[in-house]
Number of protein chains: 2
Amino acid sequence: MDVRGCIEENSAGFFDALSQWLAIPSISADPAHHGDVRRSAEWLASYLRQAGFPVAEVLQTGADGSGLPAVFAQWPAADPSAPAVLVYGHHDVQPAEPLDEWDSPPFRPVQRDGQVLARGASDDKGQVLFHALGARASLAAGGGDAPPVTLKLLIEGEEESGSANLPALLEANRERLACDVIVISDAMMWAPDVPSMCTGMRGLAVAEIDLRGPDRDLHSGSFGGAVPNPLHALADLLAGLHDADGRVALPGFYDKVLPVSAGEREMFARLPFDEQAWLDEAGHSRAAVGEAGYSTLERIWARPTAEVNGMWGGYTGPGGKTIIPSRAHAKLSFRLVANQEPADVAAALREYAAQRTPPGIEATVAFGEPGVRACFSPVDSAAVAAARQAMERAFGREVLFTREGGSGPEADLAAILGAPLVFLGVGLGSDRMHAPNEKAEMALLLKGAEAAAYLWEELAAAAGDVTAAR
Amino acid sequence: MDVRGCIEENSAGFFDALSQWLAIPSISADPAHHGDVRRSAEWLASYLRQAGFPVAEVLQTGADGSGLPAVFAQWPAADPSAPAVLVYGHHDVQPAEPLDEWDSPPFRPVQRDGQVLARGASDDKGQVLFHALGARASLAAGGGDAPPVTLKLLIEGEEESGSANLPALLEANRERLACDVIVISDAMMWAPDVPSMCTGMRGLAVAEIDLRGPDRDLHSGSFGGAVPNPLHALADLLAGLHDADGRVALPGFYDKVLPVSAGEREMFARLPFDEQAWLDEAGHSRAAVGEAGYSTLERIWARPTAEVNGMWGGYTGPGGKTIIPSRAHAKLSFRLVANQEPADVAAALREYAAQRTPPGIEATVAFGEPGVRACFSPVDSAAVAAARQAMERAFGREVLFTREGGSGPEADLAAILGAPLVFLGVGLGSDRMHAPNEKAEMALLLKGAEAAAYLWEELAAAAGDVTAAR
């Protein structure tokens, strides 16, 4: 039986199992549901064992198990030199509020019009579970009793509440999690008829700038015009963060930036993108602006930024108060791309602030350590090529490339486990993740399973390239 | 008997009367003391009648007398065409807190070491009362039973709480307050051995700028780098308020500015000014900065400014929040000099904000109407020349010129009554006005009385020039 046939045959059972799992309200942000998160982990480990995984166990996290449990499963390839692949996903879900905006209860899954409706259907239970179905189909098609690659799953229970214990979990289990490729299940594609793969996520560095002028607020009548005003200095410092072309003006900021390749830019340009619809989604922003020479998608996915997230100082109450304030403050964040180092940005901001702060003002720059590195898999790497091939086989059409603008635990996975990431996901922007009436497209979940099955074949076929970095 | 002799002879009685008045805690900011403010007004009116003023009465203020009373007194010159002079001062005082920092109770006046110690000794009861002594000395020296000018006093009861009812009071009594010169008693000199006269006060315009970007705060991962951030726009707008020379960059801002005359600059330069001591007083500011080409005193007295008094927007709590905020705000104030119009500044700021706000950001500029015009009496005007001559006769040395950087009710007086201001005061920066242990120098109060007496002579002598504007 081929992969597709096996998946079709088992699809009803797959959705029944998914519905069972979705009925467990594994809300990690809500302590009242932490028992449910534990039940969810037990359910998954048990399901994976039934599905054939020789190892499937619940991993406690945090000091003395104070965190919420992850699930680890493993199915070794027959050939011990075959690539090892780690699938990352999460079994916890977002809170369901506001409850009265749901058409059906969030934890009573409904299958209707080709969709599964429930909290977690797309983010991320549906996309985790299709890997079990894909593994089964891969074995059925391959005819053996082991997958063509060593398959590992790490399914976290704290992703929706910040993944606080993930780095320690990865460090503590570095050996059993060792792999040649990390497959991210918590991922999206552009549209149902536009399959695509994410190849990277931006990193993050956050900072706070504090400026000190006089020891106390001064009367602007007595002193105005003759002593430095920290609000003026802050405005100048922040205004200078970008040049006239919208580029970040910190010294050396772009030195290590990996340029977007012509191939990737061409792929981005081929995505059907409705800029006006995107602006409407962006809080009805009235203009798309940013770094000169780049498209909107390039700006949010593949170019680094500096954003002022907040600033304050002086009198902010009703009416006026004619003072020169003593202090001024700003919070900043930098979105980073490969191969920028958060520590370099910290150093550049410190240098910039020192140079640009006028006489009589003292500047302090505090950085949120250690920051998050960007993660990125070149579109021509062996792992990405294999995943793209797998997606194209499943969807029967060309697969385009995207990236993500935000940061997630993925960067920790890549950094700590030292393996490249590929994003194999079938989530949609319209899946209402984190919102009422979350849903997953049933046909896409099955395509995900199919792509996963093909991915193991493709990675096994490209074993030499995939394991070259060992 | 000459003026000085008469003042010496009556000095003991003068200080006894002043002590009686200072014992009344006429704190206008504290409703519990509003009865005392009324008593203070009655005391003064009664005292002025005893001192010979044919008219001395309490004026109710506010709708239905809801304000605190002023005192009006009048002593007509024998010659009906003689100049009319209105002395402005106030009989209310600042609160006395913190009480435990006073060496003696604030409302039990003490005469010690040549000083009167009490709340209001310098600001402003001592400086109001010396005008009564000066009037008496002027008459004694002149030998007649009427002063050489028509003398009017308007002594307000709400100066320390904002003079809210003063403009209406002036409007309602425009005719009886009509005058050729307004003499401000609430004034300072540079130092006990450096007599000086203030010739102007800066005006004020206050504004708030509000910038709108997206309808809601946006995730900087998803949108950062591609939509306008109102905090960036605000920083740019505020940074652009000054050019590299520290000049205010609003269009036309300096068009109507009356330049500081060479004579006045020379007078300022001759004042013994310890910049380091001034910086220490300015909250230990670490540098004197401002408009290029002007000294610190010129900058705070005679040049207009733009100051950001407060700004805020986005996330300002602990930790970080990676947002592009929806809104950004700033409060600004402009110190104005003659002959700037607050309305012109409002128009210029609106024009500037409209020009400098980038695509996708909407700016709103709100102005505090109507603003305060600067007041200024040219150093070579007849009134200032007469007052300077009177001060020089009293002190026996050259009198220098100063200005004040702040704004007060004086601008309303000049505008509504349509007469030039002269500042005849003997307050000192070391008098601890508004602070514990306020004091006045007894010798200086007597010098003030002497200068006042000479001022009536001088103004009468210059009657042609003084009344030329009628």
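Regarding its fold elements, chain A presents 14 helices and 18 strands. Against the 2.2 N^0.38 benchmark of 23 Å for 470 residues, chain A shows a C-alpha radius of gyration of 25 Å, consistent with a compact globule. Expressed along its principal axes, the backbone C-alpha trace of chain A runs to roughly 85 × 45 × 45 Å. Taking all 470 residues of chain A together, 57% fall into the buried category. Taking as baseline every contact in chain A between residues at least 6 positions apart, the subset at least 24 positions apart corresponds to 79%.

Take the relation of the copies chain B and chain A next. Copies of the same chain, two in number, are related to each other by a rotation about an axis and a translation along it. Taken as rigid bodies, chain B and chain A are interconverted by a rotation of 180° and an axial shift of 0.1 Å, the fit giving an RMSD of 0.1 Å. On this basis, the relationship between the two copies can be described by a two-fold rotation axis. Take the interface residues of chain B: 100% of them recur as interface residues in chain A, which is what a same-surface contact looks like.

In this section: the interface of chain B and chain A. If you look at the interface, chain B gives 68 residues, while chain A gives 68 residues. When contributions to the side of chain B that touches chain A are tallied by element, the ones reaching two or more residues are strand S9 (203–212), strand S10 (218–219), helix H5 (220–223), helix H6 (230–239), helix H9 (296–301), strand S11 (305–314), strand S12 (323–324) and strand S13 (327–336) of chain B. Broken down by element, the residue count for the side of chain B that touches chain A peaks at nine residues, all from S11(B). Here the side of chain B that touches chain A is built from residues that sort into 26 nonpolar, 30 polar and 12 charged. Bridge count between strand S11 (residues 305–314) of chain A and S11(B): five bridges; the pairing is antiparallel.

Per-residue confidence for chain A averages 95 on the pLDDT scale, and 100% of its residues sit at or above 70. Prediction confidence for the complex, expressed as pTM and ipTM, is 0.90 and 0.90 respectively.

In this section: the domain arrangement of chain A. Residue and element names in this part refer to chain A. What the domain assignment reports for chain A is domain 1 (3–201 + 374–466) and domain 2 (203–257 + 304–367). When each unit is reduced to the centre of its C-alpha atoms, the spacing between domain 1 and domain 2 is 41 Å. With six residues of domain 1 in contact, the opposing surface of domain 2 contributes seven residues. The residue makeup of the side of domain 1 that touches domain 2, split by class, is three nonpolar, three polar and no charged.

Side chains of residues three or four places apart in an α-helix project in the same direction, reflecting 3.6 residues per turn. Over its 18 residues, helix H3 (residues 125–142) of chain A runs 26 Å from end to end, which matches the ideal 26 Å to within 8%, given 1.5 Å per residue. A:Gly143 occupies a position one or two residues after H3(A) and carries a positive phi of about 85°.

Further remarks concern the sheet that holds strand S4 (residues 110–112) of chain B. Strand pairing in a sheet takes place through backbone hydrogen bonds and is either antiparallel or parallel in direction. All names here are of chain B. Within the open sheet, the three strands sit side by side as S4-S5-S18. Their pairing is antiparallel. Looking at strand neighbours, the two that pair on one side only are S4 and strand S18 (439–441), the edges of this open sheet. Each adjacent strand pair in this sheet contributes to an overall mean axis angle of 20°, direction not counted. Judged from the three bridges that link them, strand S5 (residues 115–117) and S18 form a sheet pairing that is antiparallel. Pairing of Gln115 across the sheet is with Glu441, part of S18.

Moving on to helix H6 (residues 230–239) of chain A. Counted residue by residue, H6(A) has 10 buried out of 10 residues, so it is predominantly covered. Residues of H6(A) that are buried include every one of A:Pro230, A:Leu231, A:His232, A:Ala233, A:Leu234, A:Ala235, A:Asp236, A:Leu237, A:Leu238 and A:Ala239, and no others.

Pairing in this open sheet of eight strands is antiparallel, and the strands run S14(A)-S9(A)-S13(A)-S11(A)-S11(B)-S13(B)-S9(B)-S14(B) from one edge to the other. Each edge of the open sheet carries a strand with a single partner, namely strand S14 (362–367) of chain A together with strand S14 (362–367) of chain B. Going from strand to strand, the sheet's axes swing by 25° on average, the running direction of each strand aside. Note: S9(B) against S14(B), six bridges, orientation antiparallel. Among the inter-strand pairings, B:Glu208 is bridged to a residue of S14(B), identified as B:Ala366.

On to the packing of helix H1 (residues 3–22) of chain B against helix H3 (residues 125–142) of chain B. Geometrically, a packed helix pair is captured by the angle between its two axes and the distance between the axes. Residues and elements named next belong to chain B. Contact pair H1 / H3: the axes reach a minimum separation of 9 Å and the direction vectors enclose 150°. For the element pair H1 and H3, the recorded crossing hand is right-handed. Two secondary-structure elements touch here, H1 through Val3, Cys6, Ile7, Asn10, Phe14, Ala17, Leu18, Trp21 and Leu22 and H3 through Lys125, Gly126, Leu129, Leu133, Arg136, Ala137, Ser138, Ala140 and Ala141. Tallied by class, the residues present in the contact of H1 with H3 amount to 13 nonpolar, three polar and two charged.

Right, let's get into the nonpolar core. If you look at the biggest cluster of nonpolar residues, it comprises 306 residues, and the most contacted ones within it are A:Val71, A:Ile182, B:Val71 and B:Ile182. Beyond its immediate stretch of four places on either side in the chain, A:Val71 contacts A:Ala41, A:Leu44, A:Ala45, A:Ala56, A:Val58, A:Leu59, A:His91, A:Leu153 and A:Ile155.

This part covers unusual backbone geometry. The omega angle of the peptide bond from A:Glu97 to A:Pro98 is -5°, so this bond is cis rather than trans. Here A:Pro98 shows up in the loop between strand S3 (84–90) and strand S4 (110–112). Note that the residue after B:Asp123, namely B:Asp124, is joined by a cis bond; omega there is 15°. Positionally, B:Asp124 belongs in the loop between S5 and H3. The phi torsion at A:Arg432 lies on the positive side, around 55°, for a residue other than glycine. Mapped onto the elements, A:Arg432 comes out in the loop between strand S17 (421–423) and strand S18 (439–441). Of note in this structure, A:Asn437 is not a glycine but carries a positive phi near 60°.

What follows is about the pairing of strand S13 (residues 327–336) of chain A. Residue and element names in this part refer to chain A. Burial analysis of S13 places eight of its 10 residues in the buried class, the great majority of the element. Pairing of strand S9 (residues 203–212) with S13, which is carried by 10 bridges, proceeds in the antiparallel orientation. Bridge assignment links Ala207 to a residue of S13, and that residue is Leu332. The pairing of S11 with S13 spans seven bridges and is antiparallel. Across the sheet, the residue bridging to Met311 is Ala330, located in S13.

Residues and elements named next belong to chain B. At a minimum axis separation of 10 Å, H1 and helix H13 (residues 442–461) run at an interaxial angle of 130°. With respect to H13, the axis of H1 lies oblique. Taken as a pair, H1 and H13 cross one another with a handedness that is right-handed. Contacts between H1 and H13 involve Val3, Arg4, Ile7, Ser11 and Phe15 on the former and, on the latter, Met442, Leu446, Ala449, Glu450, Ala453 and Tyr454. Class assignment for the residues of the contact of H1 with H13 results in eight nonpolar, one polar and two charged.

What follows covers the environment of B:Ala141. Residue and element names in this part refer to chain B. Mapped onto the fold, Ala141 is located in helix H3. When the C-alpha atoms of Ala141 and Ala453 are compared, they prove to be 9.0 Å apart, with 312 residues separating the residues in sequence. With near-sequence residues (within four places) excluded, Ala141 lies in contact with Met1, Asp2, Val3, Cys6 and Ala453.

Residues and elements named next belong to chain A. Within the fold, Gly448 resides in helix H13 (residues 442–461). The spacing of Gly448 and Glu341 is 107 residues in sequence and 34 Å in space, taken between C-alpha atoms. What Gly448 contacts, discounting residues up to four positions off in sequence, is Gln127, Phe130 and Val426.

About the thresholds
Residues numbered from 1 in each chain as written. Chains lettered and ligands numbered in written order. Predicted model: local features only at pLDDT ≥ 70, side-chain atom pairs only at ≥ 80, totals over all residues. Helix = DSSP H or I, 4+ residues; strand = E, 2+ residues; numbered from the N terminus. Rg over C-alpha atoms; globule rule 2.2 N^0.38 Å. Buried ≥ 20, exposed ≤ 12 C-beta atoms within 10 Å, placed from the backbone. Contact = placed C-beta atoms within 7 Å. Least-squares fit on C-alpha atoms with pLDDT ≥ 70 in both. Nonpolar A, V, L, I, M, F, W, Y, C, P; charged D, E, K, R; others polar. Pairing = 2+ DSSP bridges. pLDDT = per-residue confidence, 0-100. Domains from an automatic or database assignment. Expected span 1.5 Å × (residues − 1). Axes fitted to C-alpha atoms, helices over the stretch in contact; angles between N-to-C directions. Left-handed = near helix turned anticlockwise from the far one by under 90°. Core = buried A, V, L, I, M, F, W, Y, C linked by C-beta atoms within 7 Å. Parallel < 35°, antiparallel > 145°, perpendicular 65-115°, else oblique.

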